[in-house]
Amino acid sequence: MSAPDIKKLGARAEAMIAALAPISAESGRLVRLFLSPEHRRAADLVAGWMRDAGMNVSEDALGTLRGRWGGGKRLLIGSHLDAVIDGGNYDGPLGVIAGILAVEHLAKSETRLPFGIDVLAFGDEEGSRFPSTLSSSGACAGAFEQETLSLADRNGVTFADALTAYGKNPGGIPSAAYTPSEVAAYVELHIEQGPLLEEENEPLGVVTGIVGQSRLRVTVTGEAGHAGTVPMNLRRDALAGAAAMVLVVERVAKANAANRMVATVGRIEAIPGATNIIPGSVAFTIDLRTMSDSIRKAAIATIQHEARGIVEARKLGVAFEPFHDAAATICDSALQDMLAAAITDMGHRPIALPSGAGHDAQMMAKLCQAAMMFVRCRGGISHNPAEYASPADMGTAIAALIRFIERYRPKS
Ligand code: HGY
Ligand code: MN
Ligand code: MN
């Protein structure tokens, strides 16, 4: 087995990231939504790379690309091609590109392995189009929720209609699931999206676990009125009430700093949204995460309780609509050890760290042993066009992934 050329791998990865980057619905920012023409173009480009690397390529009922190399039990290596609105170029694509370059190296060096590799390019990790997330890895893991099919995007297009328009058959989703017996494990390489590896001055980390996530839509109802004539004491201002709730969300998360809890109100919309009208209703989202599922659920209950106190005092109404609940995931310890050994072989110190971001690995862990390797990203910046990983770090990461694969042996 010839040693991989780290410099070349890094340059290849950088060129492939750059080739994917412009595939966007808008010229000024990255917009690459699930089942969109941009998803199709990105998938076609990646499928070509997979074929060039020596893989047989197929697409499942959710549009997930599957590049297959070798026979036997499958070692799955994947990540996602979709992006958050105005996001960066590395979050997702790096993990797909790493799998492709690793297989290309193994194929070229005629490496014989007692297992095969499927490289998976998922299309819906971020949930940027539909209020679902991890749906395509969910289908691979046999955990797709049928009610997802009736979810609609901002233009009222349902998930099922978008699938059909993309040329897929929603009825074929159950057959997209891998059977546990055919799969050995799942490994995902991803940028850290945080500052720890930079602080440790190390390029690679091994993920110990992925936080649990609660996402809810909150609707606050009051009474629209004339901004000039309604006295302050007679108002039922939905936005003022929502603002008080947003501060409760922040306070509850800060009170749980010991549990590394984070909570974000990322979207808020006031209706009718005119300067001279007291908002009659407001809709906002909550995204709350921590490693303990019980503490996460208790925090949501606290927020709901305090919100009800606010609406009572202000004579408003409030409704909570949970739309995502992902349990915290502990990464497989044997795989963690093998990833750490591969990183050590690269002459680096494997940093063990939790993931505050959600990943497809969370879903694939329902199917098989799952683990992740993190790659340092500049300033820990992510979900931002300034997201960046150096070719040197990407090359080292892919070489470590190759080393992991060479050492890996499926549990018998
Ligand atoms: O939101 C997340 O953690 C991921 O980027 N989908
Ligand atoms: Mn992301
Ligand atoms: Mn991601």
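Procedures and definitions
Residues numbered from 1 in each chain as written. Chains lettered and ligands numbered in written order. Predicted model: local features only at pLDDT ≥ 70, side-chain atom pairs only at ≥ 80, totals over all residues. Heavy atoms only, no water. Donors = N, O, S within 2.8 Å, 3.2 Å for Na, K, Ca; no water. Buried < 20%, exposed > 50% of the residue type's maximum accessible area, 1.4 Å probe, protein only. Salt bridge = Lys/Arg side-chain N within 4 Å of Asp/Glu carboxyl O. Helix = DSSP H or I, 4+ residues; strand = E, 2+ residues; numbered from the N terminus. Expected span 1.5 Å × (residues − 1). Pairing = 2+ DSSP bridges. Right-handed = clockwise from strand over helix to strand, strands pointing away. Domains from an automatic or database assignment. Contact = heavy atoms within 4.5 Å. Polar contact = N/O pair within 3.5 Å; in protein donor to acceptor, adjacent residues only side chain to side chain. Nonpolar A, V, L, I, M, F, W, Y, C, P; charged D, E, K, R; others polar. Near = heavy atom within 4 Å. Areas by Shrake-Rupley, 256 points an atom, 1.4 Å probe, with all protein chains shown as cover.

Visitor: So what exactly am I meant to see when it comes to the coordination of the manganese ion (ligand 3) here?
Guide: By definition of the ideal shapes, four donors in a tetrahedron about a metal sit 109.5 degrees apart, and six donors in an octahedron sit 90 or 180 degrees apart. For the manganese ion (ligand 3), every protein donor is listed as H80 (NE2), D91 (OD) and H190 (NE2), and the spread of their distances is 2.1 to 2.3 Å. In this structure H80 comes out as buried when scored by relative accessible area, which is 0%. A relative accessible area of 1% means that H190 is categorised as buried.

Visitor: Could you clarify how one ought to interpret the pattern of salt bridges in this entry?
Guide: Note on pairing: side chains with opposite charge can pair once their charged atoms come close. By the definition in use, this model includes 23 salt bridges. Notably, a salt bridge pairs R66 with D60, separated by 2.9 Å at the nearest N-O pair. The same class applies to R66 as to D60, namely buried. Among the salt bridges present, the one from R349 reaches E200, with a minimum N-O distance of 3.1 Å.

Visitor: When you look at helix α11 (residues 391–407) in this model, what are you seeing that I'm missing?
Guide: Side chains that are three or four residues apart share a direction in an α-helix, a result of its 3.6 residues per turn. For α11, built from 17 residues, the straight-helix expectation of 24 Å at 1.5 Å per residue is met to within 8% by its first-to-last C-alpha distance of 24 Å. Counting buried positions along α11 yields 13 of 17 residues, so the element is predominantly enclosed.

Visitor: Would you mind going over the pairing of strand β3 (residues 74–80) with me for this structure?
Guide: Put simply, side chains in a regular strand alternate between the two faces of the sheet. With 7 of 7 residues buried, β3 is to be regarded as a mostly interior element. Alternating residues of β3 divide into R74, L76, G78 and H80 and L75, I77 and S79, and every residue in both groups is buried. Both β3 and strand β4 (residues 116–122) contribute to a ladder of 7 bridges, which runs parallel. Residue pairing across strands places R74 opposite G116, the latter belonging to β4. In this fold, β3 hands off to helix α3 (residues 93–108), which returns the chain to β4; that crossover is right-handed.

Visitor: What is the right way to look at the environment of P22 in this model?
Guide: Position of P22 relative to the elements: it lies in the loop between α1 (6–20) and α2 (37–52). Overall, P22 belongs to the exposed group, its relative accessible area being 56%. Placed 119 residues apart in sequence, P22 and A141 show a C-alpha to C-alpha distance of 30 Å.

Visitor: Looking at this structure, how should I read the coordination of the manganese ion (ligand 2)?
Guide: Protein-derived ligands of the manganese ion (ligand 2) are D91 (OD), E126 (OE) and H383 (NE2), with the metal-ligand distances lying across 2.1 to 2.2 Å. A separation of 3.5 Å is found between the manganese ion (ligand 2) and the manganese ion (ligand 3), both of which receive a donor from D91. Separated by 292 residues along the polypeptide, D91 in the loop between β3 and α3 and H383 in the loop between β16 (369–375) and α11 bring together distant segments of the chain.

Visitor: Just checking my understanding: could you explain the domain arrangement of the chain for this structure?
Guide: Many structure descriptions define interface size as the accessible area lost when the parts assemble. Split into domains, the chain comes out as domain 1 (6–211 + 328–407) and domain 2 (212–326). At the junction of the two partners, domain 1 supplies 15 residues and domain 2 supplies 13 residues. In this assembly, domain 1 and domain 2 are joined by 0 salt bridges. Applying the counting criterion to the domain 1 and domain 2 interface returns 2 residue pairs in polar contact (both at pLDDT 80 or more). Secondary structure elements with two or more residues in the side of domain 1 that touches domain 2: β6 (204–210) and β14 (329–330). Residues belonging to the side of domain 1 that touches domain 2 are distributed by class as follows: 7 nonpolar, 6 polar and 2 charged.

Visitor: How do you make sense of the site of ligand 1 when you look at a structure like this?
Guide: In the vicinity of ligand 1, the contacting residues are E125, E126, Q213, R215, R289, A357, G358 and H383. The contact in question runs from an oxygen atom of ligand 1 to an N or O atom on the side chain of H383, over 3.0 Å. Notes on ligand 1: free accessible area 220 Å², of which the protein chains cover 94%. Taken together, the residues that form the shell around ligand 1 break down as 1 nonpolar, 3 polar and 4 charged. Of the residues that make up the shell around ligand 1, three or more belong to each of domain 1 (6–211 + 328–407) and domain 2 (212–326).

Visitor: Got a minute to help me understand unusual backbone geometry in this structure?
Guide: It is generally the case that most residues other than glycine have a negative phi and that most peptide bonds are trans. A cis amide bond links I271 to the next residue, P272, at an omega of 5 degrees. Of note in the backbone geometry, Q193 takes a positive phi value of approximately 65 degrees without being a glycine. By the element assignment, Q193 lies in the loop between β5 (183–191) and α6 (196–200).

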